[in-house]
Amino acid sequence: MSNPLQSAPDTVPPGDTVDDAVDDALQQVEHQLSLLWRRARSISHQLSRQVHPDMEPAAYGLLTVIRREGPIRLTELATCIGVGKPSVSRQIAFLESIGLVYKEADPQDGRAQSIRLTDKGEEKMHQVQDARRQVFRERLGEWPLEDVQTLADYMGRLNAIYGDGILKDVTLKETNPADPA
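Owing to the predicted nature of the structure, the values given are computational and were not obtained by experimental measurement. (Residues numbered from 1 in each chain as written. Predicted model: local features only at pLDDT ≥ 70, side-chain atom pairs only at ≥ 80, totals over all residues. Heavy atoms only, no water.)

On to the environment of Lys 103, then. On the secondary structure map, Lys 103 appears in strand β2 (residues 101-106). Sequence separation between Lys 103 and Ala 93 is ten residues; the distance between their C-alpha atoms is 10.0 Å. When residues no more than four places from it in sequence are discounted, the contact partners of Lys 103 are Ile 92, Glu 96, Gln 113, Ser 114 and Ile 115. (Helix = DSSP H or I, 4+ residues; strand = E, 2+ residues; numbered from the N terminus. Contact = heavy atoms within 4.5 Å.)

What follows is the structure, given as structure tokens:
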């Protein structure tokens, strides 16, 4: 299988090898993703505080998944966001205590419980997500529609290839500080 990154010699700056150009491009992608990730965390923090002043961003993320997926079991919710059940359980208890979610008997298995948004939770999420969408509209409003669609496609492709996690197949090489690596 060929690597498309290796097969574009016409885009290599003079004096660079294909490998150098690939490394530079990947470093730029990594930098931009890191910047986007930090900004997204900051925005999630702000959004969670708009829902409730004591809410952690992780709880806001759970609300987002519950809203998108509908009634969901705790185990599925934990799997969906890639954290352990105890962490999700603690956040769900908080969300229950402020009236944003409730548990009900799972219709397919009466022993299990499904979590869903309350009317108050649905309304809060609707308000916050509408406000967030308006920010996207303002920030990307000058972009041509085709560029916004292309961005969404590329982000979708990127998310698809990372799927279950970035570090799953990565092993860090041990280095000896005395070695001039």
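Formed by 22 residues in total, the largest nonpolar core has its most connected members in Met 55, Leu 63, Leu 77, Ile 92 and Leu 95. When contributions to this core are tallied by element, the ones reaching two or more residues are α1 (18-51), α2 (57-69), α3 (74-81), α4 (85-97), β3 (109-117) and α5 (119-140). Per element, the largest residue contribution to this core is six residues, and it comes from α2. Setting aside chain neighbours within four positions, we find Leu 77 in contact with Leu 62, Val 65, Ile 66, Ile 72, Val 88, Ile 92 and Ile 115. (Core = buried A, V, L, I, M, F, W, Y, C linked by side-chain atoms within 4.5 Å. Buried < 20%, exposed > 50% of the residue type's maximum accessible area, 1.4 Å probe, protein only.)

So, on to the packing of α2 against α5. Viewed as axis vectors pointing N to C, α2 and α5 meet at an angle of 100°, and their least axial separation amounts to 11 Å. On the basis of their axis angle, the class for α2 and α5 is roughly perpendicular. Facing α2, whose interface residues are Tyr 60, Leu 63, Thr 64 and Arg 67, α5 presents Glu 122, Met 125, His 126, Val 128, Gln 129 and Arg 132. Per-class residue counts for the contact of α2 with α5 are four nonpolar, three polar and three charged. (Axes fitted to C-alpha atoms, helices over the stretch in contact; angles between N-to-C directions. Parallel < 35°, antiparallel > 145°, perpendicular 65-115°, else oblique. Nonpolar A, V, L, I, M, F, W, Y, C, P; charged D, E, K, R; others polar.)

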